[in-house]
Amino acid sequence: METSKKTEQQLIIEEWNGSSSTKLFKTATITISPSLQIQRSDNRFNHVWRRFLDAFVPEGFPGSVTPDYVPFQVWDSLQGLSTYVRMMLSTQALLSAIGVGEKSATIIGATFQWFLRDLTGMLGGILFTFYQGSNLDSNAKMWRLVADLMNDLGMLMDLLSPLFPAAFIFIVCLGSLSRSFTGVASGATRAALTQHFALQNNAADISAKEGSQETMATMVGMALGMLLARFTTENPLAIWFSFLSLTIFHMYANYKAVQCLVLDSLNFERCSILLQHFMETGQVLSPKQVSTMEHVLPLWTTLRLSETAKPLHRHVKLGLRVSSLDHLEMTNLLNSAGSFYKKEKYLLVERKGIINVIMHKDSTVVDILKSYIHAVVMAKFVAEKRSLHLESQSWMEKHYDVFLQKLKLSGWKTERLLSPSIIWKAHWHSELLDEKTD
């Protein structure tokens, strides 16, 4: 008589929780054999804490963002916190100047003053966008600092407004105008930086989580601001000391925030730094190295440099208006166009030490990058008093492709050059004229 042996099968299932493969955590182990056993993980607090952090950090963090995301956000949150604390002080002063709490103040008067303030800010934002809108993306670091500096100036105007009743409207309108620049510049640079942080095409998620971080900083800042306003009421010295101290910290935090940024896109200054180093050593710097060398402060905050001390990118101008050339410059342009730029979509003209670039109306982003690099090479040769068109063209033929390849290997984005819009272009073609003799 045969006996049959029954085999039992055991199935083990692990339960994991997380929004991406880099953020998965085991929450339970289920064993079926054939009875059912469930062993839950003991780290319930850690699970709740991670779910709370999901509201403030992008999905897949930290692998879904660049390494400079965390230090930038820390300093950015600190400067935002100081902004909202100061906002309570400036708003308190502004409401006092309008007449809140005074029997002599009228509703229509306060409404009209507030309307003029907002109207000035709206018009200022439109004008600022018109004049500088195309330049914000190419100089994100600098305009980020400028935006917060203008915000500080706007708050200062609000705080000064009660001290000069006769000029109240002018002062608050000036403050509103200053803050309008802040809104445009801050929003545009934030969009550029969000694209930089996004490693997995997750710009929308990063933007949403940045909004959560800002909201948290706003709530904490407003609470601290109300507390500070309560303690400094009727004490002008304490108000001004608190405001100026927080403003200094705000400027320092902003400076540290933009210093943390390691941008891998090419703009005028970064391209100039890279090219100059390559021409001297044959090597290409990394984005991290260049980030420590480029200027983050606005140009007008630095001392006026001599012509020889200026960086090379200050000697190049993209988009020359052809009709501004005189007869001699036109003649030189004709000779160089026929000799050195037959296959190019740009022409280079040297005027008083400045290399001007004339772009063809059919030029592409690739042509713009190549023309700028060529112009920087020529600017370096001008400083060294060497032959311009011949030597610069020879350098481009030998080293341009090698330079671009090394940029890519070092982690640089070489698809385009971040530059303001080029509004002046040209179209040209050369013809051979036969001389007729009688």
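Everything quoted here is computed from the prediction, not taken from an experiment.

*Asks:* Can you help me understand the overall build of the protein in this one?
*Replies:* In terms of helices and strands, the protein carries twelve helices and seven strands. Out of the 438 residues belonging to the protein, those deemed buried represent 41%. In the protein, 72% of the contacts between residues at least 6 apart in sequence involve partners at least 24 apart. As presented, the protein carries roughly 25900 Å² of accessible surface, and 61% of it is formed by carbon and sulfur atoms.

*Asks:* Is there a simple way to explain the pairing of strand β5 (residues 346-351) in this structure?
*Replies:* Of the strand pairs in this sheet, β5 and strand β6 (residues 354-360) are connected by six bridges, and their pairing is antiparallel. Along β6, the bridge assignment pairs Leu348 with Val357. The hairpin turn running from β5 into β6, its antiparallel successor, is two residues long, and Lys352 in that turn takes a positive phi close to 55°.

*Asks:* Looking at this structure, how should I read the confidence of the model for the protein?
*Replies:* Close inspection of predicted coordinates is inappropriate for parts of the model with low pLDDT. On average, residues of the protein score 82 in pLDDT, and 84% of them reach the 70 mark or higher. Put simply, helix α1 (residues 44-53) is where the protein has its lowest mean pLDDT, 67, and helix α9 (residues 287-291) is where it has its highest, 94. This stretch, residues 303-308, has a pLDDT under 50; its non-local contacts, to residues over four places away or in other chains, come to three contacts.

*Asks:* Would you mind going over the side chain of Asn151 with me for this structure?
*Replies:* Of note, Asn151 is situated in helix α4 (residues 140-160). For Asn151, a relative accessible area of 11% gives the class buried. Residues within four places of Asn151 in sequence aside, it is in contact with Thr83, Ser178, Arg179 and Thr182.

*Asks:* Looking at this model, I keep getting lost on the pattern of salt bridges. Mind explaining?
*Replies:* A side chain with one charge can pair with a side chain of the opposite charge if their charged atoms come near. With the rule as written, the count across this model stands at 14 salt bridges. Between Lys370 and Glu344 there is a salt bridge; the shortest N-O distance is 3.3 Å. Placement of the pair is Lys370 in helix α11 (residues 365-383) and Glu344 in the loop between α10 (327-339) and β5, with a sequence separation of 26 residues. If you follow the salt bridges from partner to partner, you end up with Asp76, Arg144, Arg190 and Glu210 in one network.

*Asks:* Before we go on, may I ask you to explain the packing of aromatic side chains in this structure?
*Replies:* Given two aromatic rings, one states the distance between the centres and the angle between the planes to describe the pair. Overall, the coordinates contain eleven aromatic pairs when judged by the stated rule. Ring pairs connect the aromatic residues Phe61, Tyr69, Phe72 and Phe197, which therefore count as one cluster. Here the basic side chain of Arg86 rests over the ring of Phe243, its NZ or CZ set 5.7 Å away from the ring centre.

*Asks:* For this particular structure, what's the right way to read the pairing of β6?
*Replies:* Side-chain direction in a regular strand flips from residue to residue, so the side chains alternate between the two faces of the sheet. Within β6, six of the seven residues are buried, which leaves it mostly tucked inside the rest of the structure. For strand β4 (residues 316-318) and β6, the ladder comprises three bridges, and the chain directions are parallel. Considered in β6, the bridge of Leu318 is made with Val357. Alignment of β6 against strand β7 (residues 425-426), held across two bridges, turns out to be parallel.

*Asks:* Would you take a moment to explain the packing of helix α8 (residues 268-281) against helix α12 (residues 389-409) for this structure?
*Replies:* How two helices pack is summed up by the angle between their axes together with the distance between the axes. Running from N to C, α8 and α12 point in directions that differ by 115°, and their axes come no closer than 11 Å. Between α8 and α12 the crossing geometry is right-handed. Residues Leu274, Leu275, Phe278 and Met279 of α8 form the contact with α12, whose participating residues are Trp395, His399, Val402, Phe403, Lys406 and Leu407. Taken together, the residues that form the contact of α8 with α12 break down as eight nonpolar, one polar and one charged.

*Asks:* Help me understand the packing of α4 against helix α5 (residues 168-197) in this model?
*Replies:* Running from N to C, α4 and α5 point in directions that differ by 155°, and their axes come no closer than 7 Å. By the angle between their directions, the pair α4 and α5 is classed as roughly antiparallel. When you trace α4 past α5, the crossing you get is left-handed. For the contact of α4 with α5, the class distribution of residues is 13 nonpolar, seven polar and four charged.

*Asks:* Please clarify how the nonpolar core should be interpreted in this entry.
*Replies:* In globular proteins that are soluble, nonpolar side chains generally tend to be buried together. Counting residues in hydrophobic clusters, the biggest one holds 46 residues, and the most contacted among them are Leu274 and Ile373. Only α8, β4, α10, β5, β6, α11 and α12 provide two or more residues apiece to this core. Take this core: its biggest share by element is ten residues, from α11. Those residues in contact with Leu274, other than ones at most four positions away along the chain, are Leu266, Val284, Leu285, Val290, Phe403, Leu407 and Trp412. By size, the runner-up hydrophobic cluster in this structure holds 13 residues, among which are Tyr69, Phe72, Ala192 and Ala203.

*Asks:* How do you make sense of the environment of Ala203 when you look at a structure like this?
*Replies:* Structurally, the position occupied by Ala203 is in helix α6 (residues 203-232). Excluding its chain neighbours within four sequence positions, the residues that come into contact with Ala203 are Thr194, Gln195 and Ala198.

*Asks:* I tried to follow the environment of Gly63 on my own but got confused; where do I start?
*Replies:* Here Gly63 lies in the loop between α1 and α2 (69-98). Counting along the chain gives 136 residues from Gly63 to Leu199, while the straight-line C-alpha distance between them is 8.0 Å. Excluding its chain neighbours within four sequence positions, the residues that come into contact with Gly63 are Leu199 and Gln200.

*Asks:* Please clarify how helix α7 (residues 236-260) should be interpreted in this entry.
*Replies:* Because an α-helix completes one turn every 3.6 residues, residues spaced three or four positions apart along the sequence face the same direction. For α7, spanning 25 residues, the distance from its first C-alpha to its last is 36 Å, which sits close to the expected 36 Å at 1.5 Å a residue. Listed as buried for α7 are Ile239, Ser242, Phe243, Thr247, His250, Ala253, Asn254, Ala257, Val258 and Cys260.

Rules behind the numbers
Residues numbered from 1 in each chain as written. Predicted model: local features only at pLDDT ≥ 70, side-chain atom pairs only at ≥ 80, totals over all residues. Heavy atoms only, no water. Helix = DSSP H or I, 4+ residues; strand = E, 2+ residues; numbered from the N terminus. Buried < 20%, exposed > 50% of the residue type's maximum accessible area, 1.4 Å probe, protein only. Contact = heavy atoms within 4.5 Å. Areas by Shrake-Rupley, 256 points an atom, 1.4 Å probe, with all protein chains shown as cover. Pairing = 2+ DSSP bridges. pLDDT = per-residue confidence, 0-100. Salt bridge = Lys/Arg side-chain N within 4 Å of Asp/Glu carboxyl O. Phe/Tyr/Trp six-rings, centres within 6.5 Å; stacked < 30°, edge-to-face > 60°. Lys NZ or Arg CZ within 6 Å of the ring centre and 35° of its normal. Axes fitted to C-alpha atoms, helices over the stretch in contact; angles between N-to-C directions. Left-handed = near helix turned anticlockwise from the far one by under 90°. Nonpolar A, V, L, I, M, F, W, Y, C, P; charged D, E, K, R; others polar. Parallel < 35°, antiparallel > 145°, perpendicular 65-115°, else oblique. Core = buried A, V, L, I, M, F, W, Y, C linked by side-chain atoms within 4.5 Å. Expected span 1.5 Å × (residues − 1).

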